[in-house]
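Overview (structure and organization)
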Amino acid sequence: MVLGENLSHPDFYTYLFDAIEEGILVMDKDDRIIYVNTPMARIAGIPREQIIGLEVPRDFSEGTVREFKNYYLQAKKNLTAVFFNAIPVVTPAGAMTYQSGSLIPVLHGDRFNGMICTIRDVTEQHEGEEALRHSEERYRSLIDNMQDALFLVDLDGTLIFTSPSAARILGCSSVEEMIGLNIADEFHYYPGEAQKQFEILQKDGIITQYEVILKRRDNGNPVIVSANIQFARDTEGNIVGIEGVYSDITTRKQAEEALRNSEAKYRLLHQSMRDAFASCGLDGLITEFNDAYVNMIGYRPEELHEMNFRDITPEKWHAFEEEILGNQVLVKGYSDIYEKEYRRKDGTIFPVELRTTLLRDEAGNPSGLWAIVRDISERRRVEQERETLISELQQALSEIKTLSGLLPICASCKKIRDDKGYWNQIESYIVTHSDAQFSHGLCPECAQKLYPEFVTP
C-alpha cells in the first residue's frame, strides 16, 4: 500500500502503529487484550499471537504487573488517564526492564468499555540516570567527607563554591555562611596574598604546593594551608574564575617548628658538652659527632664522615670491643663504662673512657650506636704520678730505722745495754740503731763545772 492513497483503509493504521517506537496494547471491557502492535511484542519479548487474548492483570506474573496493576486499576476506577514513569517490569520473556507510558480508559457513555495502553521501554535511560545519580552521590559523599577543601571563586574573588571541610578549617558554621564572601577580605590573613596568587597564575597558569596563611572567621587565628590553584574555564575555554584545593598543614608546620627547636637545643647541648660525642651506624661508619670529638681525634669533619670507628681504634682493642657490643650493648641496650685507646690523626695513641648505647628506629629495631667519650690521658698521668710518689714513699719508709721498746740504761753512767748484753755508750747505741749522727758541745752547767775559768757566771 502506498502511504496516503487511502487513509481510511484499515492497513494504514496497522502500518502506522507498527512504525512508531511505543508499544500499544488495547484491552476490551473485560480486560482482555485485543490488539498488540509490533513494538509492544518486541518490548514483551514474545510474539503478538501469544499476547492476544490474555487478560490484564490476571494472566501475567506478579513480577510483570506488580507496579503496573495499581496504575491500571486506578485508571479503570476513576475513568481518567493515568501516566506512569520508569516502573520496574519483568517482561513475559523474563527480562528486567523499566517502562513508562499511559493508560487511557475507553468509555461507552459513562461506563468503562476498554483500555488503551502505550508503553515505552526506558531501561537504558533509567540505568543511565541511576548510574548518574549514584555517581553524583559518590561525588557528593567524597566532597562532603574529604579532609582537604575545594573552592571556586569568580574573578572578583567572591566565593561561589566550597566543600564542607572548608567551613571546619576556617571556623564557619556552614558552607552557606561562606558563599558570597570575598576571600581576600574575609579569609586571607594577609589580604595582599590573594593578588600575589593571581599574578603568579597569570604568569605560570598553575600554582602547586603554595603555602599561605588564612584566618579562621570565628576567632581570627591563623591557619597555614598548602594550596594547588588554577584558572577555572567555561566550555569555550574562557577564564571565569579561580579554582583549587587546599589542606590544613598548621599542625604539621607547628610540629616541624617544634622539631627544629628541639634539634637546635639538641645541637647546642652536644656542641657545648666538654666530653666528646659520636654516633655511628651498625656498620660502624661514623655519622654524627660534636666539636669536642673533632678536637680530640684531630681529623676534619669531612674525613670523619668517611671513617669507621674501628679506623681510630688500635687493632689490639677490636676483639675486646666486639665482645662488649655483643654481650652488653645488643643485649641490654647499653654497656658498662669501659676503657680503650684511640689513635689520633698524627698517630698518637691515647686512652679514653666511654659508654656505648644502642639506637633503635621507630619500629624498635637496632639502627646504630652512640657514645660519650672522654680523654683520660691527664687522669692516667696523675694516677701514674701518684703511683710513683707512693712507691717512693714506701721505699723511703723501708729505709728508715727506728728505736722502740724498753731500753736498759745505767742509772749512774747512762750506758745502754744492747740485746747481746753489752753495755754501750748512749752515742754508740743510737748511731748503731738509727741514721742519727752526733756533734759534740757543752751545755752551760757542764761548761761552768769543767772550765770555770773560761765561763762567766
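Above this note sits the structure.
So, how was this worked out
Residues numbered from 1 in each chain as written. Predicted model: local features only at pLDDT ≥ 70, side-chain atom pairs only at ≥ 80, totals over all residues. Heavy atoms only, no water. Helix = DSSP H or I, 4+ residues; strand = E, 2+ residues; numbered from the N terminus. Contact = heavy atoms within 4.5 Å. Areas by Shrake-Rupley, 256 points an atom, 1.4 Å probe, with all protein chains shown as cover. Salt bridge = Lys/Arg side-chain N within 4 Å of Asp/Glu carboxyl O. Buried < 20%, exposed > 50% of the residue type's maximum accessible area, 1.4 Å probe, protein only. Expected span 1.5 Å × (residues − 1). Bend = angle between axes of the 7 residues up to and from the residue. Core = buried A, V, L, I, M, F, W, Y, C linked by side-chain atoms within 4.5 Å. Polar contact = N/O pair within 3.5 Å; in protein donor to acceptor, adjacent residues only side chain to side chain. Patch = residues over 30% accessible without salt bridge, like charges linked within 9 Å, V, L, I, M, F, W, Y side chains within 5 Å. Pairing = 2+ DSSP bridges. Axes fitted to C-alpha atoms, helices over the stretch in contact; angles between N-to-C directions.

In terms of regular secondary structure, the protein chain is built from 16 helices and 17 strands. Put simply, of all contacts in the protein chain between residues at least 6 apart along the chain, 39% involve residues at least 24 apart. Only carbon and sulfur atoms are counted for the fraction: they give 53% of the accessible area of the protein chain, which is about 29,100 Å².

The next subject is the pattern of salt bridges. Oppositely charged side chains can form a pair if their charged atoms are brought close together. As enumerated under the stated definition, the model contains 30 salt bridges in all. For the salt bridge of Glu 186 with Arg 217, the shortest nitrogen-to-oxygen distance reads 3.3 Å. Note that Glu 186 is positioned in helix H8 (residues 183–186) and Arg 217 in the loop between strand E8 (206–215) and strand E9 (222–233), a separation of 31 residues in sequence. The exposure class assigned to Glu 186 is partly exposed, which follows from its relative accessible area of 27%. With a shortest N-O distance of 2.8 Å, Asp 218 and Arg 216 are connected by a salt bridge.

Our next topic: helix H13 (residues 318–332). Between its first and last C-alpha, H13 extends 20 Å over 15 residues, near the 21 Å set by a 1.5 Å rise per residue. Leu 325 marks where H13 bends most, by close to 35 degrees. Listed as buried for H13 are Glu 321, Ile 324, Leu 325 and Val 329. Where H13 is buried, its residues contact strand E13 (338–343), strand E14 (349–360) and strand E15 (366–375). One or two positions beyond H13, positive phi appears at Gly 333, with a value near 95 degrees.

We now examine the nonpolar core. The biggest cluster of nonpolar side chains holds 27 residues, and the ones touching the most others in it are Tyr 293, Met 296, Ile 297, Leu 304, Tyr 342 and Val 373. At the level of elements, strand E11 (276–281), strand E12 (286–289), helix H11 (291–297), H13, E13, E14 and E15 are the ones that each hand at least two residues to this core. Looking at this core, the element that brings in the most residues is H11, giving five residues. Excluding residues within four positions of it along the chain, Leu 304 makes contact with Ile 286, Phe 289, Tyr 293, Val 294, Ile 297 and Tyr 299. Core analysis: the next-biggest nonpolar cluster, separate from the first, contains 25 residues, Ala 149, Leu 181, Leu 214 and Tyr 246 among them.

This part takes up the side chain of Gln 99. Within the secondary structure layout, Gln 99 lies in strand E4 (residues 96–108). Only 3.2 Å separates the side chain of Gln 99 from the side chain of Thr 97, close enough to count as a polar contact. Sequence-distant contacts of Gln 99, that is, excluding residues within four places in its chain, are made with Ile 43, Phe 84, Asn 85, Ala 86, Ile 87, Val 89, Thr 91, Ile 119, Arg 120 and Val 122.

With that out of the way, let us pick up the environment of Asp 361. Mapping Asp 361 onto the fold places it in the loop between E14 and E15. Polar side-chain contacts of Asp 361 include one of 3.0 Å to the backbone nitrogen of Ala 363. Among the polar contacts listed, one links the side chain of Asp 361 to the backbone nitrogen of Asn 365, at a separation of 2.8 Å.

Moving on: a nonpolar patch on the surface. A cluster of nonpolar residues, Leu 16, Phe 17 and Ile 20, forms a patch on the protein surface that exposes about 210 Å² of accessible area. Checked against the element boundaries, Phe 17 lands in helix H1 (residues 10–19). The exposure class of Phe 17 is partly exposed, given its relative accessible area of 31%.

Read across the open sheet, the five strands follow the order E7-E6-E10-E9-E8; overall the sheet is antiparallel. Sheet topology places strand E7 (159–162) and E8 at the edges, where each strand pairs with a single neighbour. On average, each strand axis in the sheet is inclined to that of its neighbour by 30 degrees, with strand direction left out of account. On top of the sheet, helix H9 (residues 192–204) reaches E8, E9 and strand E10 (239–248); it is set at about 175 degrees to E8, its chief contact.

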